[in-house]
Amino acid sequence: MIEINKRQDIRKMDVEQLKSWLATHGEKGFRAKQIFEWIWKKSAHSFDEMTNLSLATRQLLNEHFLIHSLDIAKQQQSNDGTIKSAFKLFDGNLVEGVLIPAADRMTACVSSQVGCSLTCKFCATGYMDRKRNLEAGEIYDQVVAIARQAEGSFKAPLTNIVYMGMGEPLLNYANVLESIAHITSPEGLNMSPRRITVSTAGIAKMIKKLGDDEVKFRLALSLHAANDVKRNQIMPINESNSLDNLAEALNYFYKKTGNRITFEYIVFNNFNDTLQDAKELWEFTKRVPARVNIIEYNPIAEADFKNTEADRLDKFAAFLEDRGVSVHVRRSRGKDIDAACGQLANKEAA
């Protein structure tokens, strides 16, 4: 028979559970706080690093626990400075994360699932199978690794985090929120939740749950069309989460949290880039307090969509701005290394 390693990942325990476990093994309860500081504040990946614990305590932990860490399997740097990393997980699966450098900020784009189940037609990850959810520690580790890249390559601290990589964050709700708790906690990385944005394709009941949980981070909706017929064509999730349902959920979220929402809107050539489309988007922004990020499309091999022409994009943005909508046009970053929005697909793992 194959011997099964019964050691569990210590990062799946909370501090009270660990304190109780330590007590049953003759250890002082305060050791739990020390261990958690090593794990979540100092980002330790081995018990041998925990030098304020006795050798006997470290051996005890090694006998019963492990820490599922990730490694950088491949790293690429774009001509514009963007760094994409393929992170190898403890079970051999790969996810991708991206460092997006700018003059005024350093942004980490992290993944929440291995693959995705939502099959959005314009997104490379949507053509992959969803293999599993990421654990909270695996999401946290992406942030730590990308923060080190920011310091190492640009001598600047990480300032922002976007959950816009592989996967749908709200289908991995518990682990995503737990990862954010550790990232924002004073006992963790101590980042402001206002510097974190979670992006969803639009799952109404989970958006309402975010409101009930009164989260402090920001929320972005991948909208891409402001009428149901077009949105159904490119985002099958819309068939069970219509724009009416999403508007209701987003307003509920806004009333509960006071956090303004961002609409992400990729402009596809001759699909959703007309002034009629802009008018529909403007009408939708009147239903939900939101600002709009207009995003250049980044072509993928699996789909025939193309980015809109520059003058059409400018007219689209101007139509919204003239009507008082807060608009930001987001230019592609990392396109030459398939690190741009919608391009993450783990080609190395194919």
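The present account deals with the structure reproduced in this document. (Residues numbered from 1 in each chain as written. Predicted model: local features only at pLDDT ≥ 70, side-chain atom pairs only at ≥ 80, totals over all residues. Heavy atoms only, no water.)

1. Things to note about the overall build of the protein chain
Assigned secondary structure in the protein chain consists of 10 helices and 14 strands. In summary, the protein chain has a C-alpha radius of gyration of 21 Å against a globular reference of 20 Å for 350 residues, a match within 12%. With respect to the three principal axes, the spread of C-alpha positions in the protein chain is 70 × 45 × 40 Å. Counting only residues that meet the buried cut, the protein chain has 55% of its 350 residues in that class. If you sum the accessible surface of the protein chain, you get close to 16000 Å²; carbon and sulfur atoms cover 48% of it. (Helix = DSSP H or I, 4+ residues; strand = E, 2+ residues; numbered from the N terminus. Rg over C-alpha atoms; globule rule 2.2 N^0.38 Å. Buried < 20%, exposed > 50% of the residue type's maximum accessible area, 1.4 Å probe, protein only. Areas by Shrake-Rupley, 256 points an atom, 1.4 Å probe, with all protein chains shown as cover.)

2. Some details on the nonpolar core
Ile10, Tyr163, Phe263 and Leu320 are the most contacted members of the largest nonpolar core, which totals 104 residues. Counting residues per element, this core draws most heavily on helix H4 (residues 136-154), which supplies seven residues. Ignoring anything within four residues of it in the chain, the contact list for Ile10 reads Leu18, Ile35, Ile39, Phe47, Leu61, Phe65, Leu66 and Ile67. (Core = buried A, V, L, I, M, F, W, Y, C linked by side-chain atoms within 4.5 Å. Contact = heavy atoms within 4.5 Å.)

3. A short note on the side chain of Thr82
Of note, Thr82 is situated in the loop between strand E3 (71-77) and strand E4 (83-88). At 2.7 Å, the side chain of Thr82 forms a polar contact with the side chain of Asp80. (Polar contact = N/O pair within 3.5 Å; in protein donor to acceptor, adjacent residues only side chain to side chain.)

4. Comments concerning helix H10 (residues 310-322)
Here H10 is 13 residues long and its end C-alpha atoms lie 18 Å apart, about the 18 Å a rise of 1.5 Å per residue gives. The set of residues buried in H10 consists of Leu313, Phe316, Ala317, Phe319 and Leu320. Buried residues of H10 fall within an arc of 155 degrees about the axis and therefore sit on the same side. Exposed and oriented more than 90 degrees from the buried face of H10 are Ala310, Lys315 and Asp322. Those residues of H10 that are buried are in contact with strand E12 (261-267), helix H9 (275-287), strand E13 (290-296) and strand E14 (327-330). Phi turns positive one or two residues past the end of H10, at Gly324, with a value near 85 degrees. (Expected span 1.5 Å × (residues − 1). Arc of directions from axis to C-beta.)

5. Digging into H4
Over its 19 residues, H4 runs 27 Å from end to end, which matches the ideal 27 Å to within 8%, given 1.5 Å per residue. Trailing H4 by a residue or two, Lys155 shows a phi angle of about 55 degrees, which is positive.

6. Notes on the pattern of salt bridges
Using the criterion set out here, one finds 14 salt bridges in the structure. A salt bridge links Asp213 to Lys209; its shortest N-O distance comes to 3.7 Å. Overall, the relative accessible area of 35% leaves Lys209 in the partly exposed class. Overlapping salt bridges bring together Asp91, Arg132 and Glu138 as one network. (Salt bridge = Lys/Arg side-chain N within 4 Å of Asp/Glu carboxyl O.)

7. Let's talk about the layout of surface pockets
Taken as a whole, the second largest pocket spans an internal volume of roughly 260 Å³. Taken together, 14 residues make up the lining of the second largest pocket; nearest its centre are Val15, Phe36, Trp40, His182 and Glu187. Elements with a minimum of two residues in the lining of the second largest pocket: helix H2 (31-41) and helix H5 (173-184). Partitioning the lining of the second largest pocket into residue classes produces six nonpolar, two polar and six charged. (1 Å grid on protein atoms, 1.4 Å probe; cavity = no way out; pocket = protein on both sides within 12 Å on 5 of 7 lines; lining within 4 Å. Points joined across faces, edges and corners; volume = space filled by probe spheres on them. Nonpolar A, V, L, I, M, F, W, Y, C, P; charged D, E, K, R; others polar.)

8. Things to note about the pairing of E14
Taken together, the four bridges between E13 and E14 define a ladder with parallel strand orientation. Within E14, the position partnered with Ile294 by the bridge is Val329. You can see the chain leave E13, run along H10 and come back into E14, and the turn it takes is right-handed. (Pairing = 2+ DSSP bridges. Right-handed = clockwise from strand over helix to strand, strands pointing away.)

9. Focus on the environment of Met50
Its place among the elements puts Met50 in the loop between H2 and helix H3 (55-64). With relative accessibility at 0%, the residue Met50 sits in the buried group. Taking C-alpha positions, Met50 is 6.5 Å from Trp38, a pair spaced 12 residues apart along the chain. Apart from the residues within four sequence positions on either side, Met50 is in contact with Ile35, Trp38, Ile39, Ala44, Arg58 and Ile67.

10. Examining the pairing of strand E5 (residues 94-101)
Most of E5 sits inside the fold, with seven of its eight residues counted as buried. Note that E4 and E5 share six bridges and pair antiparallel. Among the inter-strand pairings, Lys88 is bridged to a residue of E5, identified as Leu94. The antiparallel pairing of E4 with E5 creates a hairpin that spans five residues between the two strands, and Gly92 there sits at a positive phi of about 95 degrees.

11. Some remarks on the packing of aromatic side chains
Throughout the structure, instances matching the rule amount to 11 aromatic pairs. Geometrically, the ring pair formed by Trp21 and Phe65 is edge-to-face, given 4.7 Å between the ring centres and 70 degrees between the ring planes. With a gap of 44 residues between them, Trp21 in helix H1 (residues 15-24) and Phe65 in strand E2 (residues 65-66) connect regions that are remote in the sequence. For the pair Trp21 and Phe65, a shared accessibility class is recorded, and that class is buried. Taken together, the aromatic side chains of Phe122, Phe268, Phe271, Tyr297 and Phe305 make up a single cluster linked through ring pairs. Positioned over the ring face of Phe271 is Lys230, at 5.6 Å from the centre of the ring. Residue placement shows Lys286 over the ring face of Trp282; its charged tip is 4.1 Å from the ring centre. (Phe/Tyr/Trp six-rings, centres within 6.5 Å; stacked < 30°, edge-to-face > 60°. Lys NZ or Arg CZ within 6 Å of the ring centre and 35° of its normal.)

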